[in-house]
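# Report on the structure
Single-letter residue listing:
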Amino acid sequence: MIDRQDINQTSITQGLTENEVIARRTAGLGNQVKLHTSRSYSQILKENLFTFINAVFLTISVVLIFLSRYGDAFLVIVVILGGVIVSVCQEIWAKQKLDQIALLTRPLATVIRESKQQNIDPSEIVVGDILVAQAGDQIVVDGQVVGEGRIEVDESLLTGESDLIPKQVGQPVYSASFCVSGTACYEAQKVGTESLAYQLTVSARAFRQIYTPLQQEINLVIRVFLLLSCFLWILVAINWFIRIYTFADSVQYAAVIAGLVPSGLYLAITLAYALGAVKMVGQEVLIQQANAVESLSNVDVLCLDKTGTLTANRIRLQTVYPIGINEVKLRHLLGDYAASTTAKNQTIEAVEEVCSGHRLELIAEIPFTSARKWSGMSFEGQKNSDSGTYILGAPEVLATVTPLSTEVTQQIQELAQQGLRVLLFTHSPNINSLNNDLEKPQLPTELTPLGIISFKDELRPEARETIHGFSEAGIEVKVISGDNPQTVATLALQAGLGSDIQVISGAELAELDEAQFIQAAEANTIFGRVTPEQKAKLIRSFKEQGHYVAMIGDGVNDVLSLKEANLAIAMEGGSKATRSVADIVLLKNSFGSLPHTFLEGQRIRNGIQDVLKLFMIRVFCVTLLIFATGFVGGTFPLLNKHSAVVTLISVGFPSFCIPLWAKSGMLPRRSLVRSLLHFTLPATLSLTLVALGVYLGYLVVTVLESIEENNLIDNSVVISNQLLSVPRSALVTIMVLCGLLLVPFLKPPNRVWVGGEPLSRDWRYSLVALALLGIYVVILAVPPLRQFFELSLLSAHDYVVISWVALVWCILLRYVWRAKLLDRFLGVDLG
């Protein structure tokens, strides 16, 4: 057993030896624990197979087999297995991707072993390891800060509070928190199942059944039809009980009613989302949350930080302007400052590349944060005149305690207007003037300016094309940055954001009340010198105005706003903190792939809505026919195989093509059901009337012929399934023809077909409808197929008449859409 006291005496600078690591892992003090990143294969199979609707279909198929109706049973089983197989295959693929994502995004840990720093997988950590935490790093195990370092930690994932918590020697740190500023070492004390990382990672990475807005509305539609089906099943059961229907007929009718539940919508959605996910991976976009595809289709406001998104996250020192000292002296001081700080960042690294210096012993240090927008340190210089406190930060912030001449102020503004990042370097001779309290750090009261430093950001080569792509997708872009507003605006103009952009600073936002803040958020495009809290507040304001907001970030200062957004997008090259909270990670920092990704999300949503229109028309029409024929003729309009033919040809096969060929474009911000009424309600009511007329017409003719053939004096005839064969076949034909005529109306290839939907000029949908018509003709023409589906072959004259009826219905329906007769009757604009 390893002594706890021995662990605490481990040297911070040396860390554990390899032998100690092996011994502790053998003793069970390792962080090796299996994380269940997604559902098991058995769970996927069980959750897709054992559903209520599948149980209904399975029961019906068993009864049909018992009644020796093997063909009907086969069709029902195909419905079950078809949906289950596709769903299971897709979800297994999703499981494998989730497992890969968990490995890709699992943060590495920096550990000190045998006096060397090395990056290891968290599973290799053992109790007593000394780990290093720097800005942007995730705390991967529970522990305690050791040594002289100090950090500020974001524990919002644990506490829900966004305030930064300072940590120094002896204070605890917890897994699933993030280091925001500073550098410190901490000793691993709780690992494996004992740490918060295990509990939170299981819940964060495991499969979660989160329904998207579109799925929620579709689920509502399906449940409504399920209730309607239950009502119809009760009516069928009553008719069987009072011996109006035979048991065999009751089972047939129950199968038809079960088909009213549009379970095929799940299949269409699954296929569409799976295809979208595959395409996005090909575009270097990794989806971490199941609802990311749906979120993409809703985004109308995109917020992004300048650094790492518009720019390539690479900066270089451009110019140094001394104030009151010579340039050589300024560069020397800057070099010492950069070499001495313990909190390295890109700005410091850019200074180190140009200005050489010596590492000096620090007396006090305040690391940089996006909220403060300055960093400072006190040290004893190599010369007496170099000693004191030095502050490097945003000119707007330091100007409050630093006297700046008009010439210096003008120089800062000119540099900012050139799109450069500008910092002010200042000095106080008082070596104790720096408030070293991380909780409430304060600037020295009197600072002397030493120089202006400008840095050049490298604009991404694809930035202009990407911004143009957002505009084409109907997405408004907002740039929210911690840099100078004028600098950000200049870079945004270079990226092609537009010449009419409005700019506002974080300081101006801070002076506004709630109503003014909301108005400013809506009116402005560029937000500069904002704090992380203001970023999150801006995102929240956009959402309150009814926008669906996506946020792109790469730094730890973006975590708050990413968590606030409807859709969080992180760069792969960004901090571990941003990747952890993101819904989507852009692999290889592929900023240029985003417009295509947004368009893909819109395309998927539009395709699913088109599929839903066809499903709703079929379901409503069959439902109304069941009620109408029962009320008027006392018959049941369709058999199970008839329903299968209508569903497969007029809805099923088109639903496979529509999501593949759908086009992108923003949809009106209104209820899905309301947006469908303009197309579905006129089509459903008119199709039901036409189908009912054809069915009853052929029923009357068939009954009269039967009376005449059998010389029935009292004109009484028993309406059997055999007698209903011709009317049902005529009904199937008119429903198939009208259903196929709806497909060109859904995507009009030319102006002749424009009625319920705008002009598409896409002939593929019409060609599919024509091909499906050919399939129906083959079914009628081939006796075995016709007999399998229990269809009667009508005369050529009958098919011509039914075709003319379908064409007349088509013309009348187009008139109803174009004249907006339904809209006028309801007194609303549904178009």
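Everything in this summary refers to the structure shown in the same document. The model shown is predicted, which means the values in this text are computed figures rather than measured ones.

Take the overall build of the chain next. A count of helical and extended segments in the chain gives 31 helices and 21 strands. A sequence separation of at least 24 residues applies to 72% of the contacts in the chain between residues at least 6 apart. As displayed, the chain has an accessible area near 36200 Å², and 58% of this comes from carbon and sulfur atoms.

Right, let's get into the environment of Gly376. As for its position among the elements, Gly376 is in strand β12 (residues 374-379). Using a relative accessible area of 0% as the deciding quantity, one classes Gly376 as buried. Residues Gly376 and Ile391 lie 15 residues apart in sequence; the distance between their C-alpha atoms is 4.3 Å.

Pairing is mixed across the open sheet formed by eight strands, whose spatial order is β8-β21-β20-β19-β9-β16-β18-β17. Looking at the sheet topology across the chains shown, the edges are occupied by β8 (285-287) and β17 (503-505). The sheet shows a mean angle of 20° between the axes of neighbouring strands, direction not considered. Where strand β9 (residues 301-304) and strand β16 (residues 476-480) come together, four bridges link them in parallel fashion. Looking across to β16, one finds that Cys303 is bridged to Lys478. Sheet strands in contact with helix α18 (residues 485-494) are β16, β17 and β18 (526-528), and its direction is about 145° off that of β18. Where helix α20 (residues 514-523) meets the sheet, its contacts fall on β16, β17 and β18, and the angle it forms with β16 comes to roughly 115°.

In this section: the pairing of strand β19 (residues 549-553). Most of β19 sits inside the fold, with five of its five residues counted as buried. Residues of β19 alternate between two faces, with Val549, Met551 and Gly553 on one and Ala550 and Ile552 on the opposite face, all of them buried. For β9 and β19, the ladder comprises four bridges, and the chain directions are parallel. Bridged to Leu304 within β19 is Ile552. Across four bridges, β19 lies against strand β20 (residues 567-571) in parallel orientation.

Bringing the side chain of Thr702 into the picture now. Residue placement: Thr702 occurs in helix α26 (residues 672-710). One polar contact links the side chain of Thr702 to the main-chain carbonyl oxygen of Tyr698, over a distance of 2.6 Å. With near-sequence residues (within four places) excluded, Thr702 lies in contact with Leu723, Val726 and Pro727.

Criteria and cut-off values
- Residues numbered from 1 in each chain as written.
- Predicted model: local features only at pLDDT ≥ 70, side-chain atom pairs only at ≥ 80, totals over all residues.
- Heavy atoms only, no water.
- Helix = DSSP H or I, 4+ residues; strand = E, 2+ residues; numbered from the N terminus.
- Contact = heavy atoms within 4.5 Å.
- Areas by Shrake-Rupley, 256 points an atom, 1.4 Å probe, with all protein chains shown as cover.
- Buried < 20%, exposed > 50% of the residue type's maximum accessible area, 1.4 Å probe, protein only.
- Pairing = 2+ DSSP bridges.
- Axes fitted to C-alpha atoms, helices over the stretch in contact; angles between N-to-C directions.
- Polar contact = N/O pair within 3.5 Å; in protein donor to acceptor, adjacent residues only side chain to side chain.

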